[in-house]
Amino acid sequence: MNIILLGPPGAGKGTQAKRMIEKYGIPQISTGDMLRAAVQAGTELGLEAKKYMDAGQLVPDEVVIGLVKERIQQDDCKNGYMLDGFPRNVSQAETLDKMLSELGQKIDHVVCIEVPEDELIKRLTGRRTCKQCGAGYHVVFDPPKQDGVCDKCGGELYQRDDDNEETVKSRLKVYKEQTEPLIAYYEKQGKLRRIDGVGSIDEIFNRIVAVLG
Ligand code: AP5
Ligand code: MG
């Protein structure tokens, strides 16, 4: 099963993807995580991407498309995968459709997680992530047992560089202008599955499972 997780910054794409990995036995492919790993590693691609990410803008299409094309052909993607944060504009979606048809694959479901803007801002400004294993937390909504320490691996929790109020505003604007048109794009293909993203993390997971089976 090939799935796209669509939704604004802070909607819970990464949070739900982590649970879906276990349920469906397919990997999460997060272009945001891949780009952050490249920034961390200090590669040329990472240095280039960081300028856009810090400004809350999209990284150029050819960069992310290259990453996804390589990743979906790896062994662990044989039974399917979840694309988290890709595609992010109509041009990326069209390229993905072309790429998949060349590989004899297709997208089965586009899970669109819907959350109002005031809630997104609260979620993003309180987010914390484990440096070591990537587990996600929220200082109020999903706190770790011990402040600043990952429950799962004991790693140090950090706040993402782009989770400050100014960059969050710009990310939300970019979502509205460039990513939201994908809702109509996938609705037309009959693949859109709308999920109400307000509620507890468990409730939302159950809604997704109810739709995907
Ligand atoms: P990316 O990393 O994809 O960020 P994003 O889309 O802005 O989404 P987030 O990761 O911020 O949100 P999420 O939906 O995963 O929320 P989460 O589950 O963590 O992209 C970052 C940047 O990389 C982009 O700005 C761009 O520059 C670049 N980029 C990436 N992909 C690209 C592409 N395809 N093309 C071009 N550029 C690209 O949850 C958020 C918080 O809320 C957490 O603290 C969590 O604990 C909490 N939470 C989750 N669910 C709930 C709930 N139900 N109730 C209460 N709190 C909750
Ligand atoms: Mg994410």
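The following refers to the structure shown. (Residues numbered from 1 in each chain as written. Chains lettered and ligands numbered in written order. Predicted model: local features only at pLDDT ≥ 70, side-chain atom pairs only at ≥ 80, totals over all residues. Heavy atoms only, no water.)

Topic: a nonpolar patch on the surface
Together, Val139, Val140 and Phe141 make up a nonpolar patch on the protein surface, roughly 290 Å² of accessible area in all. Relative to the elements of secondary structure, Val140 occurs in the loop between strand E6 (136-138) and strand E7 (157-158). According to the relative accessible area criterion, Val140 is exposed, its value standing at 60%. (Patch = residues over 30% accessible without salt bridge, like charges linked within 9 Å, V, L, I, M, F, W, Y side chains within 5 Å. Areas by Shrake-Rupley, 256 points an atom, 1.4 Å probe, with all protein chains shown as cover. Salt bridge = Lys/Arg side-chain N within 4 Å of Asp/Glu carboxyl O. Helix = DSSP H or I, 4+ residues; strand = E, 2+ residues; numbered from the N terminus. Buried < 20%, exposed > 50% of the residue type's maximum accessible area, 1.4 Å probe, protein only.)

Side note on empty space enclosed by the protein
Under the counting rule described, the total for this entry stands at one cavity of 30 Å³ or more. Size it by volume and the largest cavity reaches roughly 70 Å³. Taken together, Leu5, Leu6, Gly7, Pro8, Pro9, Lys13, Gly85, Phe86, Pro87, Arg88, Tyr175 and Thr179 make up the lining of the largest cavity. Taken together, the elements giving at least two residues each to the lining of the largest cavity come down to strand E1 (2-6) and helix H7 (165-179). Residue classes in the lining of the largest cavity are distributed as seven nonpolar, three polar and two charged. (1 Å grid on protein atoms, 1.4 Å probe; cavity = no way out; pocket = protein on both sides within 12 Å on 5 of 7 lines; lining within 4 Å. Points joined across faces, edges and corners; volume = space filled by probe spheres on them. Nonpolar A, V, L, I, M, F, W, Y, C, P; charged D, E, K, R; others polar.)

A closer look at the site of ligand 1
Taken together, the neighbourhood of ligand 1 is formed by 34 residues, with Thr15, Gln57, Arg127, Tyr137 and Arg171 sitting nearest. For ligand 1, a nitrogen atom lies 3.0 Å from a polar atom in the side chain of Gln92. The backbone of Gly199 places a nitrogen or oxygen atom 2.9 Å from a nitrogen atom of ligand 1. For ligand 1, the accessible surface in isolation is 1,000 Å², of which the surrounding protein chains cover 95%. Taken together, the elements giving at least two residues each to the shell around ligand 1 come down to helix H1 (13-24), helix H2 (31-41), helix H6 (117-125), E6 and helix H9 (201-212). The biggest single contributor to the shell around ligand 1 is H2, with four residues. Partitioning the shell around ligand 1 into residue classes produces 14 nonpolar, 12 polar and eight charged. (Near = heavy atom within 4 Å. Polar contact = N/O pair within 3.5 Å; in protein donor to acceptor, adjacent residues only side chain to side chain.)

Remarks on the pairing of strand E5 (residues 127-130)
Across three bridges, E5 lies against E6 in antiparallel orientation. Considered in E6, the bridge of Thr129 is made with Gly136. The loop that links E5 with its antiparallel partner E6 comprises five residues; one of these, Gly134, has a positive phi angle of about 80°. When E5 meets E7, the two strands line up antiparallel, connected through two bridges. Bridge pairing in E7 places Thr129 opposite Tyr158. (Pairing = 2+ DSSP bridges.)

Topic: the nonpolar core
Core analysis: the largest hydrophobic core is formed by 29 residues, its most contacted members being Ile4, Leu6, Ile72, Leu83, Leu96 and Tyr186. Contributing elements (two or more residues each) for this core: E1, helix H3 (44-54), helix H4 (61-71), strand E3 (81-84), helix H5 (90-103), strand E4 (109-114) and helix H8 (181-188). Those residues in contact with Leu96 that lie beyond four places of it in its chain are Ile4, Leu83, Phe86, Pro87, Ile107 and Tyr186. Ranked by size, the runner-up nonpolar core spans 21 residues in total, among them Ala11, Ala17, Leu172 and Val209. (Core = buried A, V, L, I, M, F, W, Y, C linked by side-chain atoms within 4.5 Å. Contact = heavy atoms within 4.5 Å.)

Observations regarding the packing of aromatic side chains
For the structure on display, the rule yields one aromatic pair. For the pair Tyr185 and Tyr186, a centre-to-centre distance of 4.9 Å together with 80° between the ring planes defines the contact as edge-to-face. (Phe/Tyr/Trp six-rings, centres within 6.5 Å; stacked < 30°, edge-to-face > 60°.)

So, the layout of surface pockets
A probe matching the size of a water molecule, rolled over the atoms, marks out where space remains unfilled. If you add up the space inside the second largest pocket, you get close to 180 Å³. Elements with a minimum of two residues in the lining of the second largest pocket: E4, H6 and H7. Residue composition of the lining of the second largest pocket, grouped by class: nine nonpolar, no polar and four charged.

Purely spatial values, then, with no claim about function.
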